[in-house]
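Remarks on the overall topology
Chain by chain, the residues run as shown.
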Amino acid sequence: MGVLSSTIILKNQMTGVLNNIVDSMNMVVSAAYKVEGASKEAFDPATLNAARDKLKEAQVSIQAAAEEQEKFNKKLEGGSDAASKLTGMLKKALITYASFRSIKAFVGLSDEMTQIKARLNSINDGQQTTLELQNMVYESAQRARGEYKTTLDIVSKLGAQAKAAFSSNKETIAFAENLNKLFTISGTSAQGVESVMYNLTQAMASGVLRGQDLNAVMANTPQLLQIVSEYMGEPIGRIRKLAEEGQLSADVIKNALLGATDDINAQFEKMPMTFGQIATSMKNKFIKNIEPALNRLNDF
């Protein structure tokens, strides 16, 4: 539209200039007629008549061009209105799509939280209500700068698949909190966290850490294995051998991690808060605050 607008402005401005030139030439021709009438010899009347005819033709052409320009401008204005309407329709469509995506995400989150809540309810040891258990997990996630939803998932899976390894829900949450803090200390990526939790949960459920599960922990959270080796009084270099011998049992891993709580907290407190962790904390608060709405939506 920028080029078209410039063309329109240029043609409109040139129409006035050309008309001024024609008017000036008409004045010159008129003056020449007067001179010719006075002298009877200075100018050839046929030449003057031809000049005036040419000027009339030029003026007609300019007027026609101006009329065509006006029609063209009106078409463009109509096109602009149509474009504006189309733009409005597109905006509405995008808003509708975004709203649909938001609703879909909200419904998806509601379903996910409902499933996690059901799993928490199934692992509740009876020392607190499920709501109190959720609040305990939330506070743990905030202290560890971890994802509330991820921590809920970790606790529920550990409680369900490795129930024999923990004496209470509080112990399971403490274990998950120390893990979250180790993830922060180690700088473990989100993918790494998922890998460690999947493999470690399997190991805790089977009763021993070794093989692929050991490799996943070693690759993403080596500090955990350092803690285990120190708890066992063995050098870290023997950790694979110990795993092969089946000595990295669920009890050993749990006791080692919980026994290192003070050291983990000391290291964790030295880690500066990042913008990503601040965003995670805000996200946790948001999910926690809309939980009643998620519950109502699920009930509906």
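Residues numbered from 1 in each chain as written. Predicted model: local features only at pLDDT ≥ 70, side-chain atom pairs only at ≥ 80, totals over all residues. Heavy atoms only, no water.

1. Topic: the environment of Met-204
Looking at where Met-204 falls in the secondary structure, it is placed in helix H6 (residues 190-206). Met-204 sits 50 residues away from Lys-254 along the chain, and the two C-alpha atoms are 8.6 Å apart. Look past the residues within four positions of Met-204 in its chain and what remains in contact with it is Leu-158, Ala-162, Ala-165, Phe-166, Phe-175, Ala-250, Ile-253 and Lys-254. (Helix = DSSP H or I, 4+ residues; strand = E, 2+ residues; numbered from the N terminus. Contact = heavy atoms within 4.5 Å.)

2. Looking at the side chain of Ser-140
Within the element layout of this structure, Ser-140 appears in helix H3 (residues 130-144). Judged by relative accessible area, Ser-140 falls into the buried class, the value being 0%. In contact with Ser-140, other than residues within four places in its own chain, are Ile-173 and Glu-177. (Buried < 20%, exposed > 50% of the residue type's maximum accessible area, 1.4 Å probe, protein only.)

3. Side note on the packing of aromatic side chains
Summed over all chains, the structure comprises two aromatic pairs. Aromatic side chains Tyr-138 and Tyr-148 sit 5.4 Å apart centroid to centroid with 90° between the ring planes, which places their arrangement in the edge-to-face category. Of this pair, Tyr-138 sits in helix H3 while Tyr-148 sits in helix H4 (residues 148-161), and the two are ten residues apart along the sequence. Judged by relative accessible area, which is 15%, Tyr-138 ranks as buried. You can call Tyr-148 buried: its relative accessible area is 0%. When the centroid spacing of 5.2 Å and the interplanar angle of 65° are considered together, the rings of Phe-166 and Phe-175 count as edge-to-face. Residue Phe-166 is classed as buried on the basis of its relative accessible area of 9%. Over the aromatic face of Phe-268 sits the side chain of Arg-145, whose NZ or CZ is 4.3 Å from the ring centroid. (Phe/Tyr/Trp six-rings, centres within 6.5 Å; stacked < 30°, edge-to-face > 60°. Lys NZ or Arg CZ within 6 Å of the ring centre and 35° of its normal.)

4. Here's the deal with the layout of surface pockets
Its boundaries defined by the atoms lining it, the largest pocket holds a volume of some 740 Å³. For the lining of the largest pocket, the secondary structure elements donating two or more residues are helix H2 (45-123), H4, helix H5 (169-186), H6 and helix H12 (275-299). Counting residues per element, the lining of the largest pocket draws most heavily on H6, at eight residues. Here the residues of the lining of the largest pocket sort into eight nonpolar, 14 polar and eight charged. In this structure, the second largest pocket occupies an estimated 170 Å³ of space. Looking at the second largest pocket, the residues that line it are Gln-223, Gln-226, Ile-227, Glu-230, Tyr-231, Ala-256, Gly-259, Ala-260, Asp-263, Ile-264 and Gln-267. Contributions of two or more residues to the lining of the second largest pocket are made by helix H8 (222-232), helix H10 (250-259) and helix H11 (261-269). Sort the elements by how many residues they give to the lining of the second largest pocket and H8 lands first, with five residues. Among the residues forming the lining of the second largest pocket, the class breakdown is five nonpolar, four polar and two charged. (1 Å grid on protein atoms, 1.4 Å probe; cavity = no way out; pocket = protein on both sides within 12 Å on 5 of 7 lines; lining within 4 Å. Points joined across faces, edges and corners; volume = space filled by probe spheres on them. Nonpolar A, V, L, I, M, F, W, Y, C, P; charged D, E, K, R; others polar.)

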